[in-house]
Amino acid sequence: MRLHRNLCFAVIDGLHLIFNEGDYADKVIQQLLKRDKRWGSRDRGFIAETVYEIVRYKRLYSEIADVKAPYQRDNLWRIFAVWATLKGIKLPDWKYFTDTPSRKIKGRFDELSKIRKFKESIPDWMDDLGVKELGEAIWTKEIAMQNEQADVILRVNTLKTTKKDLQQQLQSEEIETEFLEGYPSALKLTERANVFKTEAFKKGWFEVQDASSQLVAAYLEVKPGMKVVDACAGAGGKTLHLASLMENKGQIIAMDIYESKLKKLKVRAKRNDVHNIEMKVIDSTKPIKKLYDKADRLLIDAPCSGLGVLRRNPDAKWKLGPSFIEDIKKTQAELLSQYSRMVKPGGKMVYATCSILPFENENQIDSFLTSAEGKNFKFVKDKKILAHKSGFDGFYMALLERSED
Ligand SMILES: C[S@@+](CC[C@H](N)C(=O)[O-])C[C@H]1O[C@@H](n2cnc3c(N)ncnc32)[C@H](O)[C@@H]1O
């Protein structure tokens with residue numbers, strides 16, 4: 001591979017924004033890719049994949065390059081040189097690469113690769129927490145998997161088309177996909193491609209959604225005509241799936257504390273031809289109280305550490321911290337105790353996270369069921385998905401049923 005100067009500059013600018021300014025990697029990459037209209041798909045792929053890979057291995061590469069935050073531009077180039085050397089890319093004779101110690105880099109890599117927190121490039125606290133929660137053997141496999149590039153999975157919008165027709169339409173746009181056994185609405189891309197440019201996407205025939213995430217809406221056992229509350233709807237990945245499963249019939253109330261996210265859902269719902277969603281911002285306890293005892297079904301897709309989806313958000317490794325984890329634990333418990341009151345007698349709810357840590361998952365459910373608010377609920381079933389076993393995102397979902405009064 002030959003390195004192109006303007007693409008490498010884009011990578012360095014991106015790393016500066018992510019590492020020094022704390023910007024989100026996905027947003028930074030989106031912006032970088034707009035920089036030069038002449039860039040083709042290979043150029044764009046180089047920028048996105050290189051930035052993501054260096055973010056993923058920030059700790060390992062910084063350690064090898066012997067540089068520390070905040071990163072001066074020269075130091076970002078040193079990290080880049082480590083990345084390129086380990087990839088076996090010949091470094092051009094640019095001033096940034098003079099005196100790059102290639103042999104020393106490889107030696108340091110071999111040494112550090114013996115220590116998990118360097119090899120997988122994670123903060124000490126996260127490594128300690130993973131071992132404590134999951135045990136050494138499982139954590140080692142799971143965190144290694146979280147450094148792999150994730151597949152692109154689509155969820156067919158069954159309100160508009162079928163999986164077979166979507167597959168054919170994408171094929172006519174030169175995108176090959178395959179079915180996934182056990183995931184009735186999923187298509188996996190055999191090779192990465194920009195699916196958002198396709199006609200099929202513009203027509204609302206699919207959404208991009210990981211296979212594990214696609215199991216959540218189905219877990220809620222919704223039926224057409226029901227009143228369903230999606231209490232942490234965000235931009236509505238699962239809301240849209242619920243609408244498909246309900247065949248656009250009944251009522252879905254999509255709630256979130258951020259209006260900006262619900263606005264994105266509105267755009268997506270229009271493209272998907274979904275008509276049964278009402279959006280409500282949670283700006284006080286009022287909208288929740290109004291729904292007490294009213295919902296046939298409730299989804300709490302709770303805010304969480306996101307440790308099951310680090311493959312998609314590698315910068316979360318550096319944004320998360322122990323105090324955030326403590327806070328999120330409290331929020332999850334509060335959401336369970338307050339929002340569960342929206343379920344009507346005989347109704348059901350699903351609590352889900354994209355975390356693999358028991359204290360955000362089964363332990364939350366156990367404490368809820370033994371609390372005053374949870375005593376009316378019985379545990380029906382749960383599902384824990386580990387990325388290294390499934391090949392898809394790490395997830396948790398639990399189905400609970402409120403007893404008839
Ligand atoms: C895991 S994300 C939801 C993802 C979304 N359900 C989807 O499928 O695309 C969690 C959401 O909870 C929202 N949230 C955080 N605190 C909340 C609260 N107290 N009440 C309701 N939603 C909250 C966040 O804004 C975020 O959108």
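What you see is a predicted model, and the numbers here were worked out from it, not measured in a lab.

Requested: an account of the site of the ligand, with residues and values cited.
Near the ligand there are 16 residues, and of these C232, G234, G237, K238 and D301 occur at the shortest range. When the residues that make up the shell around the ligand are grouped by side-chain class, the tally is 9 nonpolar, 3 polar and 4 charged.

Tell me what's going on with the environment of L307, and back it up with residues and numbers.
Within the element layout of this structure, L307 appears in the loop between β8 (295–301) and α16 (316–319). The buried category is assigned to L307, around which 27 C-beta atoms lie within 10 Å. As for L307 and E111, which are separated by 196 residues in sequence, their C-alpha atoms are 26 Å apart. Those residues in contact with L307 that lie beyond four places of it in its chain are S355, I356, L357 and G394.

Could you give me a rundown of the nonpolar core, with the residues and numbers involved?
By size, the foremost hydrophobic cluster in this structure holds 73 residues, and its most contacted members are V229, A254, L298, I300, V350 and Y351. Excluding residues that lie within four positions of it along the chain, L298 makes contacts with V229, A231, Y339, M342, V343 and M349. With 28 residues, the next largest nonpolar core counts L15, I18, V51 and V55 among its residues.

So, the UniProt feature "binding site: S-adenosyl-L-methionine" (unreviewed entry) in the chain: which residues are in play, and what are the values?
Per the UniProt entry, the sites bearing "binding site: S-adenosyl-L-methionine" (unreviewed entry) are D256, D283 and D301 in this numbering. Given 23 C-beta atoms within 10 Å, D256 falls into the buried group. Beyond its immediate sequence surroundings of up to four residues, D256 is in contact with C232, A233, G234, K261, L262, V281 and I282. Apart from the residues lying within four places of it in its own chain, the contact partners of D301 are V216, C232, K238 and A352.

Please provide a residue-by-residue account of helix α3 (residues 41–56), values included.
For α3, with 16 residues, the first-to-last C-alpha span of 22 Å sits near the 22 Å given by 1.5 Å per residue. Taken as a whole, α3 has its buried residues at I47, T50, V51, Y52, I54, V55 and R56. Lining the buried residues of α3 we find α1 (5–20), α2 (25–32), α4 (58–65) and α5 (73–87).

The rules we used
Residues numbered from 1 in each chain as written. Predicted model: local features only at pLDDT ≥ 70, side-chain atom pairs only at ≥ 80, totals over all residues. Near = placed C-beta within 6 Å. Nonpolar A, V, L, I, M, F, W, Y, C, P; charged D, E, K, R; others polar. Helix = DSSP H or I, 4+ residues; strand = E, 2+ residues; numbered from the N terminus. Buried ≥ 20, exposed ≤ 12 C-beta atoms within 10 Å, placed from the backbone. Contact = placed C-beta atoms within 7 Å. Core = buried A, V, L, I, M, F, W, Y, C linked by C-beta atoms within 7 Å. UniProt positions renumbered as here; feature names shortened; annotations may be inferred. Expected span 1.5 Å × (residues − 1).

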